[in-house]
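One letter stands for each residue in the lines below.
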Amino acid sequence: MTTADLIGKIIQVVGGLAIFAAIVGLLFFFLDKAPKRGKDWVQLVVFLAPALILVLLGLIYPAIRTSLLAFTNNQGDFNGIDNFVWMFTQPAILSTLLNTVIWVLLVPTVSTIVGLAYAVFIDKSRGEKFFKALVFMPMAISMVGAGIIWKFVYDYRQSGDEQIGLLNQIVIWFGGEPVQWLQTSPINTFLLIIVMIWIQTGFAMVVLSAAIKAVPMEQLEAAEIDGTNAWQRFTNVTLPGIRGSLVVVITTISIATLKVFDIVRTMTAGNFNTSVIANEMYTQAFRAAEPGRGSALALVLFVLVLPIVIYNIRLMKQQREIR
């Protein structure tokens, strides 16, 4: 970039800021001069307008644009439902859809079960804070960072060479031969799923641990007096008491799993039958120069996420009505 181009960019940024400042100044001027009856409406417009503009430009417009692109070819011409026919007739894409379903079934289920079990077992234990920090730590690592860490765990070296992958080293200790874990289908998909479970278990544990502590002690004590054992108290008192938190955890992890991209891209780039919808969407739109197909995949991803979001909203409404 030349000096002139840099100066031009600076002038554009400064000009944009000046225009934004002028608009804000005018809004506050009219707010000050507005009559009392209309002042509330003016205030509402002033404070909601920036958020509405951001939603319009960052969410609504891209959603409409993507929906339209889903029915076009790589030249931008309308091609009807050809992109969707391609999606559901190509074995590679069907494998991608199946992988996504496997991810969504396993990751939320296993993460929630492990996180709940861990939260119950360490509840009120002596080193509870330390144990929580230990499991929650992966949440502080980016998806890319986690992918790189676990790629070393699954690393492969030829037999006879020094192994740097922990998993292959364990195999050798037991007298086996090193395995190309990330290139062996279908086990490679499950190995990638383990990475996501490792990350999300900490989130499930923290939320469910807080919910368990909110269960009234009186209910637990009453159940104990009635002669119930620990498992009965857990299933009949604790679980119903944390139902709302369980739903939040499962739906949040499900949405995050549907959108998973970084782990797959970092570890296998979607090769060896490990691709998922988000990764294939990127591959088609930016690598294969097929924005229509990428948009069609994005639309399918949106359709898959939508029922989870609607269920969450309905549940929140029911809880609000109960209160």
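Source: prediction; values computed, not measured.

Glancing now at the overall build of the chain. Each helix and strand in the chain was counted, giving 14 helices and zero strands. By residue count, 32% of the 323 residues in the chain fall in the buried class. For the chain, the proportion of contacts with a sequence separation of at least 24, taken over those separated by at least 6, is 64%. Entry remark: accessible area of the chain is about 20,100 Å², with carbon and sulfur atoms responsible for 68%.

On to the packing of aromatic side chains. Across all of its chains, the model carries seven aromatic pairs by this definition. With a centroid separation of 5.4 Å and an interplanar angle of 45 degrees, the aromatic rings of Phe 71 and Phe 84 are classed as tilted. A residue pair is termed long-range when its members are at least 10 positions apart, and Phe 71 in the loop between helix H2 (36–69) and helix H3 (82–87) and Phe 84 in helix H3 qualify at 13 residues. On the basis of relative accessible area, Phe 71 is assigned to the partly exposed category, the value being 27%.

So, about the UniProt feature "transmembrane region" (unreviewed entry) in the chain. Here the UniProt feature "transmembrane region" (unreviewed entry) sits at residues 6–29, 41–64, 101–121, 133–153, 190–212, 242–261 and 296–313. Taken end to end, residues 133–153 is 71% helix and 0% strand, and its first and last C-alpha atoms sit 22 Å apart. Between the C-alpha atoms that bound residues 242–261 the distance is 30 Å, and the span itself is 80% helix and 0% strand.

Attention now goes to the layout of surface pockets. In this structure, the largest pocket encloses a volume near 540 Å³. Around the largest pocket, the lining is made up of 17 residues, and of these Val 120, Asp 123, Ile 212, Phe 234 and Thr 238 lie nearest the centre. Elements supplying a minimum of two residues to the lining of the largest pocket: helix H4 (91–122), helix H8 (187–213), helix H9 (217–225) and helix H10 (230–241). Per-class residue counts for the lining of the largest pocket are twelve nonpolar, one polar and four charged. Taken as a whole, the second largest pocket spans an internal volume of roughly 440 Å³.

Here the focus is unusual backbone geometry. For the bond running from Ser 185 to Pro 186, omega is 5 degrees, close enough to zero to count as cis. Its place among the elements puts Pro 186 in the loop between helix H7 (166–173) and H8. Phi at Ala 269 is positive, roughly 60 degrees, even though this residue is not glycine. By secondary structure assignment, the location of Ala 269 is in the loop between helix H12 (262–267) and helix H13 (277–287). In this structure, Ala 289 takes a positive phi of about 55 degrees despite not being glycine. As for its placement among the helices and strands, Ala 289 is situated in the loop between H13 and helix H14 (291–322).

Once that is clear, we can look at the side chain of Thr 100. Along the chain, Thr 100 falls in helix H4. There is a polar contact of 3.0 Å between the side chain of Thr 100 and the backbone oxygen of Thr 96. Those residues in contact with Thr 100, other than ones at most four positions away along the chain, are Leu 258, Val 276 and Ile 277.

A few words now on the nonpolar core. Most often, soluble globular proteins keep nonpolar side chains buried together rather than apart. If you look at the biggest cluster of nonpolar residues, it comprises 37 residues, and the most contacted ones within it are Trp 103, Tyr 154, Val 195, Ile 263 and Met 267. Where this core is concerned, the elements lending two or more residues are H4, helix H6 (143–153), H8, H10, helix H11 (243–258) and H12. Here the element with the most residues in this core is H8; it accounts for 13 residues. Sequence-distant contacts of Trp 103, defined by excluding residues within four places in its chain, comprise Pro 108, Thr 189, Leu 192, Ile 193, Met 196, Thr 257, Val 260, Ile 263, Val 264 and Val 276. Ranked by size, the runner-up nonpolar core spans 16 residues in total, among them Met 87, Ala 296, Leu 297 and Val 300.

The next point concerns the pattern of salt bridges. Applying the stated criterion to the full structure yields four salt bridges. Residue Asp 155 pairs with Arg 157 through a salt bridge whose shortest N-O separation is 2.5 Å. Judged by its relative accessible area of 18%, Asp 155 is buried. Residue classification places Arg 157 among the partly exposed positions, given a relative accessible area of 31%.

Cut-offs applied
- Residues numbered from 1 in each chain as written.
- Predicted model: local features only at pLDDT ≥ 70, side-chain atom pairs only at ≥ 80, totals over all residues.
- Heavy atoms only, no water.
- Helix = DSSP H or I, 4+ residues; strand = E, 2+ residues; numbered from the N terminus.
- Buried < 20%, exposed > 50% of the residue type's maximum accessible area, 1.4 Å probe, protein only.
- Contact = heavy atoms within 4.5 Å.
- Areas by Shrake-Rupley, 256 points an atom, 1.4 Å probe, with all protein chains shown as cover.
- Phe/Tyr/Trp six-rings, centres within 6.5 Å; stacked < 30°, edge-to-face > 60°.
- UniProt positions renumbered as here; feature names shortened; annotations may be inferred.
- 1 Å grid on protein atoms, 1.4 Å probe; cavity = no way out; pocket = protein on both sides within 12 Å on 5 of 7 lines; lining within 4 Å.
- Points joined across faces, edges and corners; volume = space filled by probe spheres on them.
- Nonpolar A, V, L, I, M, F, W, Y, C, P; charged D, E, K, R; others polar.
- Polar contact = N/O pair within 3.5 Å; in protein donor to acceptor, adjacent residues only side chain to side chain.
- Core = buried A, V, L, I, M, F, W, Y, C linked by side-chain atoms within 4.5 Å.
- Salt bridge = Lys/Arg side-chain N within 4 Å of Asp/Glu carboxyl O.

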